[in-house]
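# Structure assessment
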Amino acid sequence: MAHLSLGTAQFGNSYGETNATGVLDDDAIARMFAVARQEMVHYVDTAMAYGNALERISPHVDQFRVTSKVLGKSALGPQLEATLETLKVTKIHSLLIHDWSILMPHERTRAVAEIVTELRAGYIDFVGVSIYEENEAEAASKLFEQYGSQLHALQLPANPLD
(Lines give C-alpha, C1' and ligand atoms only; values in the text may rest on other atoms or scores of the structure.)
Protein backbone atom coordinates (compact mmCIF):
# COMPACT_ATOMS: atom_id res chain seq x y z
CA MET A 1 0.00 0.00 0.00
CA ALA A 2 1.27 3.47 -0.88
CA HIS A 3 1.64 6.15 1.77
CA LEU A 4 1.88 9.89 1.36
CA SER A 5 5.14 11.25 2.77
CA LEU A 6 6.29 14.74 3.59
CA GLY A 7 9.43 15.26 1.50
CA THR A 8 12.28 17.22 3.06
CA ALA A 9 14.69 17.91 0.20
CA GLN A 10 13.86 21.66 0.28
CA PHE A 11 14.45 21.77 4.02
CA GLY A 12 18.19 21.57 3.45
CA ASN A 13 18.73 22.36 -0.24
CA SER A 14 17.42 24.65 -2.96
CA TYR A 15 15.77 21.63 -4.53
CA GLY A 16 13.26 21.44 -7.34
CA GLU A 17 12.86 22.66 -10.85
CA THR A 18 10.10 25.10 -9.90
CA ASN A 19 11.57 26.13 -6.54
CA ALA A 20 11.48 29.93 -6.49
CA THR A 21 12.00 30.35 -2.72
CA GLY A 22 15.12 28.26 -2.08
CA VAL A 23 15.67 26.52 1.26
CA LEU A 24 12.65 26.80 3.53
CA ASP A 25 13.01 28.70 6.79
CA ASP A 26 12.36 27.13 10.21
CA ASP A 27 8.88 28.66 10.53
CA ALA A 28 7.81 27.25 7.17
CA ILE A 29 9.13 23.81 8.17
CA ALA A 30 7.25 23.92 11.49
CA ARG A 31 4.04 24.91 9.64
CA MET A 32 4.49 22.07 7.15
CA PHE A 33 4.86 19.53 9.95
CA ALA A 34 1.80 20.96 11.70
CA VAL A 35 -0.29 20.67 8.52
CA ALA A 36 1.04 17.16 7.89
CA ARG A 37 -0.03 16.08 11.40
CA GLN A 38 -3.42 17.73 10.96
CA GLU A 39 -3.95 16.02 7.59
CA MET A 40 -2.93 12.62 8.99
CA VAL A 41 0.31 12.34 7.03
CA HIS A 42 2.37 9.93 9.11
CA TYR A 43 5.51 9.59 7.01
CA VAL A 44 8.49 11.83 6.35
CA ASP A 45 11.09 11.21 3.65
CA THR A 46 14.64 12.49 4.13
CA ALA A 47 18.30 11.78 3.45
CA MET A 48 21.77 12.90 4.48
CA ALA A 49 22.13 14.11 0.89
CA TYR A 50 19.50 16.80 1.60
CA GLY A 51 21.95 19.27 3.12
CA ASN A 52 21.07 19.97 6.76
CA ALA A 53 17.49 18.64 6.46
CA LEU A 54 18.10 15.98 9.12
CA GLU A 55 19.10 18.57 11.72
CA ARG A 56 16.17 20.78 10.81
CA ILE A 57 13.54 18.04 11.03
CA SER A 58 14.84 16.38 14.19
CA PRO A 59 12.56 18.39 16.52
CA HIS A 60 9.52 17.23 14.55
CA VAL A 61 10.07 13.53 13.77
CA ASP A 62 8.79 12.02 17.01
CA GLN A 63 5.26 11.84 15.59
CA PHE A 64 6.26 10.53 12.15
CA ARG A 65 7.58 7.37 10.56
CA VAL A 66 10.91 8.31 9.00
CA THR A 67 12.17 6.96 5.69
CA SER A 68 15.76 7.85 4.95
CA LYS A 69 18.14 6.99 2.17
CA VAL A 70 21.80 5.98 2.08
CA LEU A 71 24.31 5.70 -0.73
CA GLY A 72 25.15 2.13 -1.64
CA LYS A 73 28.58 3.08 -2.95
CA SER A 74 29.64 3.79 0.64
CA ALA A 75 29.43 1.71 3.81
CA LEU A 76 25.82 1.83 5.03
CA GLY A 77 26.42 1.39 8.77
CA PRO A 78 28.13 4.76 9.35
CA GLN A 79 25.49 6.54 7.23
CA LEU A 80 22.66 5.00 9.24
CA GLU A 81 24.43 5.73 12.52
CA ALA A 82 24.86 9.40 11.54
CA THR A 83 21.20 9.59 10.52
CA LEU A 84 19.98 8.13 13.82
CA GLU A 85 22.29 10.38 15.82
CA THR A 86 21.27 13.52 13.93
CA LEU A 87 17.56 12.72 14.26
CA LYS A 88 18.07 11.82 17.95
CA VAL A 89 16.31 8.48 17.52
CA THR A 90 17.33 4.86 17.97
CA LYS A 91 15.37 3.47 15.04
CA ILE A 92 13.74 4.59 11.80
CA HIS A 93 10.83 3.16 9.87
CA SER A 94 12.50 2.56 6.50
CA LEU A 95 15.94 2.77 4.95
CA LEU A 96 16.40 2.80 1.18
CA ILE A 97 19.48 2.38 -0.96
CA HIS A 98 19.24 5.61 -2.93
CA ASP A 99 21.71 5.07 -5.77
CA TRP A 100 20.61 1.55 -6.73
CA SER A 101 20.51 2.32 -10.47
CA ILE A 102 24.20 3.18 -10.70
CA LEU A 103 25.59 0.44 -8.48
CA MET A 104 27.68 -2.35 -9.97
CA PRO A 105 26.50 -5.90 -9.16
CA HIS A 106 29.15 -6.39 -6.43
CA GLU A 107 28.18 -3.03 -4.87
CA ARG A 108 24.51 -4.03 -4.85
CA THR A 109 25.37 -7.32 -3.17
CA ARG A 110 27.44 -5.59 -0.47
CA ALA A 111 24.80 -2.91 0.09
CA VAL A 112 22.00 -5.46 0.46
CA ALA A 113 24.08 -7.55 2.88
CA GLU A 114 24.75 -4.43 4.98
CA ILE A 115 21.19 -3.11 5.00
CA VAL A 116 19.79 -6.54 5.93
CA THR A 117 22.30 -6.66 8.80
CA GLU A 118 20.95 -3.30 10.07
CA LEU A 119 17.37 -4.57 9.66
CA ARG A 120 18.13 -7.66 11.75
CA ALA A 121 19.90 -5.53 14.36
CA GLY A 122 16.63 -3.63 14.84
CA TYR A 123 17.72 -0.16 13.69
CA ILE A 124 15.16 -0.13 10.86
CA ASP A 125 11.78 -1.77 10.29
CA PHE A 126 11.72 -1.89 6.49
CA VAL A 127 14.27 -1.87 3.67
CA GLY A 128 14.08 -0.81 0.06
CA VAL A 129 15.65 0.86 -2.95
CA SER A 130 15.16 3.91 -5.15
CA ILE A 131 14.75 2.81 -8.76
CA TYR A 132 14.22 4.33 -12.19
CA GLU A 133 13.47 1.24 -14.30
CA GLU A 134 10.87 -1.48 -13.71
CA ASN A 135 13.38 -4.32 -14.16
CA GLU A 136 15.44 -2.94 -11.26
CA ALA A 137 12.64 -3.80 -8.83
CA GLU A 138 12.69 -7.47 -9.77
CA ALA A 139 16.48 -7.68 -9.55
CA ALA A 140 16.47 -5.95 -6.17
CA SER A 141 13.74 -8.22 -4.85
CA LYS A 142 15.68 -11.33 -5.86
CA LEU A 143 18.87 -10.07 -4.23
CA PHE A 144 17.08 -9.23 -0.97
CA GLU A 145 15.55 -12.73 -1.00
CA GLN A 146 19.05 -14.21 -1.30
CA TYR A 147 19.86 -12.50 1.99
CA GLY A 148 16.71 -13.78 3.66
CA SER A 149 14.78 -10.52 3.53
CA GLN A 150 11.86 -9.10 1.71
CA LEU A 151 12.17 -5.93 -0.36
CA HIS A 152 9.65 -3.81 1.54
CA ALA A 153 9.78 -0.44 -0.22
CA LEU A 154 10.38 1.06 -3.64
CA GLN A 155 10.86 4.72 -4.33
CA LEU A 156 10.03 5.79 -7.87
CA PRO A 157 10.55 9.14 -9.60
CA ALA A 158 6.86 9.79 -9.98
CA ASN A 159 4.34 12.27 -8.66
CA PRO A 160 0.66 11.30 -8.70
CA LEU A 161 -0.20 15.01 -8.82
CA ASP A 162 1.71 15.64 -12.08
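What you see is a predicted model; the values in this text were computed from it and never measured. (Residues numbered from 1 in each chain as written. Predicted model: local features only at pLDDT ≥ 70, side-chain atom pairs only at ≥ 80, totals over all residues. Heavy atoms only, no water.)

## Quick notes on the overall build of the protein chain
Under the convention used in this document: Working definition: helices are DSSP H or I runs of at least four residues, strands are E runs of at least two. Numbering for both runs from the N terminus. As a reference, a globule follows 2.2 Å times the number of residues to the power 0.38, and the radius of gyration itself is taken over C-alpha atoms. Relative accessible area decides the class of each residue, using a 1.4 Å probe on protein chains only: under 20% of the type maximum gives buried, over 50% gives exposed, and in between gives partly exposed. Residues count as neighbours in contact if any of their non-hydrogen atoms are within 4.5 Å of one another.
Counting secondary structure elements, the protein chain contains 6 helices and 6 strands. Here the protein chain has a C-alpha radius of gyration of 16 Å; the compact-globule value for 162 residues is 15 Å, and the two agree. Oriented by its inertia axes, the alpha-carbon framework of the protein chain measures out at about 45 × 35 × 30 Å. For the protein chain, with 162 residues in total, the buried portion stands at 43%. For the protein chain, restricting intrachain contacts to residue pairs at least 6 apart in sequence, the fraction spanning at least 24 positions comes to 68%.

## Examining the pairing of strand β4 (residues 92-97)
Counted only if it meets this: With the strands aimed away from the viewer, a crossover counts as right-handed if its path from the first strand over the helix to the second runs clockwise. At least two DSSP bridges between two strands are needed for those strands to be called paired.
Most of β4 is tucked away: 6 of the 6 residues are buried. Chirality of the crossover, the property in question, places the unit of strand β3 (residues 65-70), helix α4 (residues 76-87) and β4 among those that are right-handed. Here β4 pairs with strand β5 (residues 124-130) via 5 bridges, running parallel. When the sheet's bridge partners are listed, L96 is paired in β5 with G128. With helix α5 (residues 105-121) bridging β4 and its parallel neighbour β5, the resulting β-α-β unit is right-handed.

## So, the sheet that holds β4
We count it as follows: Fitted lines through C-alpha atoms serve as axes, helices being fitted only where they are in contact, and the angles separating the N-to-C directions of these axes extend from 0 to 180 degrees.
Taken together, the 6 strands give an open sheet; going across it, the order is β1-β2-β3-β4-β5-β6, and neighbouring strands pair in parallel fashion. At either end of the open sheet lies a strand with only one pairing partner, and these are β1 (5-7) and β6 (153-155). Here the strands of the sheet are splayed against their neighbours by 30 degrees on average, with no regard to which way each runs.

## Let's talk about the packing of α5 against helix α6 (residues 134-146)
In plain terms, the rule: Put simply, angles under 35 degrees are roughly parallel, angles over 145 are roughly antiparallel, angles from 65 to 115 are roughly perpendicular, and the rest are oblique. Each helix crossing is assigned a hand: it is left-handed if the near helix lies turned anticlockwise from the far helix by less than a right angle, otherwise right-handed if that turn is clockwise.
Packing of α5 against α6 leaves a shortest axis separation of 10 Å and a crossing angle of 55 degrees. As judged from the angle between their axes, α5 and α6 are oblique. Between α5 and α6 the crossing geometry is right-handed. Residues R108, T109, V112, I115 and V116 of α5 form the contact with α6, whose own contacting residues are E136, L143 and F144.

## Considering the packing of α4 against α5
What counts, and what does not: Classes in brief: Ala, Val, Leu, Ile, Met, Phe, Trp, Tyr, Cys and Pro nonpolar; Asp, Glu, Lys and Arg charged; the others, Gly included, polar.
As a packed pair, α4 and α5 sit with axes 9 Å apart at the nearest point and diverge in direction by 40 degrees. In terms of axis orientation, α4 runs oblique to α5. Between α4 and α5, the residues in contact are L76, G77 and L80 and R110, A111, E114, I115 and E118, respectively. Looking at the contact of α4 with α5, its residues break down into 4 nonpolar, 1 polar and 3 charged.

## Quick word on α5
An α-helix turns once every 3.6 residues. As a result, residues three or four positions apart point the same way. Going by this rule: Expected helix span is taken as 1.5 Å per residue step, with the number of steps being one fewer than the number of residues.
Its 17 residues place the ends of α5 24 Å apart at the C-alpha level, agreeing with the 24 Å of an ideal helix rising 1.5 Å per residue. Buried residues of α5: E107, R108, A111, V112, E114, I115, V116, E118 and L119, and no others. Contact partners of the buried residues in α5: α4, β4, β5 and α6. A positive phi of about 90 degrees marks G122, the residue just after α5.

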